[in-house]
Amino acid sequence: MSTAYFQHSGHIRHDQALTDMKTGLLHWRLWQTLAYRDLRRSYYGSFFGPLWITLSLGIFILIVGGMYSLVFSMSLQDYIPFLCSGLVSWRFISQFITEGGTVFLSSGGFIKGFSLPLSVFLYKTVFKSLITFLHYLIVYAIVAFIFSVPFTVYSLLLIPGLIIVSLNGLWVMALLGILCTRYRDLQQLLSSAVVLVFFITPVLWPDSMIQQYREVVTYNPFYHVVEIVRAPLLGKKPDELSWLVSLGIVFMGFILTYPLFAKFRSRIVFWI
């Protein structure tokens, strides 16, 4: 076949992928409804329901915060807000990775039964993650009140921080969704990788503890993405490097993922 044929096919796939993303946005009522449905189904029959999201984080902070403040020789006044803001940020970010591998598999019935844009399921998961984040934010609001965490003008930077993280979540889920739908074993690898990254990222421990080997922090992209959410929660200004790295990840991530999404989008239904 001629080169012109393959170029034409490539253009068609890219146009279809772009249409998928645009049409998916227009179905905002659908992906909002699906997000609420997923949350309700997760806690079906539970007395507290989605409130368990808040309770589980609160219990974790209460137990781990008291213990680790002694380990790191930090006062509860300093450590508990740091820990809570870090965990709130990390859970929001890591949810895109843990659910990215199953973003299409978990919606296989809808994908096979209805002619819907695949991006609907990406937007659904982003919206569900934002709802979950709001549940976590209840715990942080209580912690901030008890420990007198200041609300400053930098606190408003939480909004652009959440937007950047959500944009990163979109391409991460699209990429992992494609790979894990085709190669199912990767999902198990993801679970282990998330745990590993959690412990090497300054979430439980302050980055100031590392002075000699600062590369562990500086070259850790997860640190920078966590920081653009955690710093505003603490009323602080995130470092400019963290903004640049986080935005750079968005840019590079979409450049990498969009061609793959365009090429394999039509095959996902056959892989499920």
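Being a predicted model, the structure only gives us computed values, none of them experimental. (Residues numbered from 1 in each chain as written. Predicted model: local features only at pLDDT ≥ 70, side-chain atom pairs only at ≥ 80, totals over all residues. Heavy atoms only, no water.)

Caption draft 1: Fine view of the side chain of Thr 181. For Thr 181, the position within the fold is in helix H7 (residues 158-182). A relative accessible area of 1% places Thr 181 in the buried class. Among the polar contacts listed, one links the side chain of Thr 181 to the backbone oxygen of Gly 177, at a separation of 2.4 Å. Aside from chain neighbours lying at most four places away, what touches Thr 181 is Phe 104, Leu 105, Leu 176, Ile 268, Trp 271 and Ile 272. (Helix = DSSP H or I, 4+ residues; strand = E, 2+ residues; numbered from the N terminus. Buried < 20%, exposed > 50% of the residue type's maximum accessible area, 1.4 Å probe, protein only. Polar contact = N/O pair within 3.5 Å; in protein donor to acceptor, adjacent residues only side chain to side chain. Contact = heavy atoms within 4.5 Å.)

Caption draft 2: Up close: a nonpolar patch on the surface. Nonpolar side chains collect at one region of the surface, where Leu 51, Trp 52, Leu 55, Ile 59, Leu 62 and Ile 63 lie side by side and expose about 580 Å² of accessible area between them. Here Leu 62 shows up in helix H3 (residues 51-71). On the basis of relative accessibility, which here comes to 69%, the residue Leu 62 falls in the exposed class. (Patch = residues over 30% accessible without salt bridge, like charges linked within 9 Å, V, L, I, M, F, W, Y side chains within 5 Å. Areas by Shrake-Rupley, 256 points an atom, 1.4 Å probe, with all protein chains shown as cover. Salt bridge = Lys/Arg side-chain N within 4 Å of Asp/Glu carboxyl O.)

Caption draft 3: Representation of the environment of Val 153. Here Val 153 is to be found in the loop between helix H6 (119-146) and H7. Classification of Val 153 as exposed rests on a relative accessible area of 60%. Separated by 79 residues in sequence, Val 153 and Pro 232 place their C-alpha atoms 8.7 Å apart.

Caption draft 4: Summary view of the packing of aromatic side chains. Going through the model one piece at a time under the given rule, you end up with 13 aromatic pairs. Considering the side-chain rings of Tyr 79 and Phe 82, the 6.2 Å spacing of their centres and the 40° angle between planes classify their relative orientation as tilted. With Tyr 79 and Phe 82 both in helix H4 (residues 76-100) and 3 residues apart, this pair spans about one turn of that helix. When the centroid spacing of 5.9 Å and the interplanar angle of 40° are considered together, the rings of Phe 264 and Trp 271 count as tilted. Through pairs of rings, three or more aromatic residues link up here, namely Trp 31, Tyr 36, Tyr 123 and Phe 127. Sitting over the face of the ring of Phe 60, Arg 91 holds its NZ or CZ atom 5.9 Å from the ring centroid. (Phe/Tyr/Trp six-rings, centres within 6.5 Å; stacked < 30°, edge-to-face > 60°. Lys NZ or Arg CZ within 6 Å of the ring centre and 35° of its normal.)

Caption draft 5: Quick peek at unusual backbone geometry. Positive phi is not limited to glycine here, since Ser 73 has a value of about 55°. Here Ser 73 is to be found in the loop between H3 and H4. Although it is not a glycine, Ser 148 adopts a positive phi angle of roughly 55°. Mapped onto the secondary structure, Ser 148 falls in the loop between H6 and H7.

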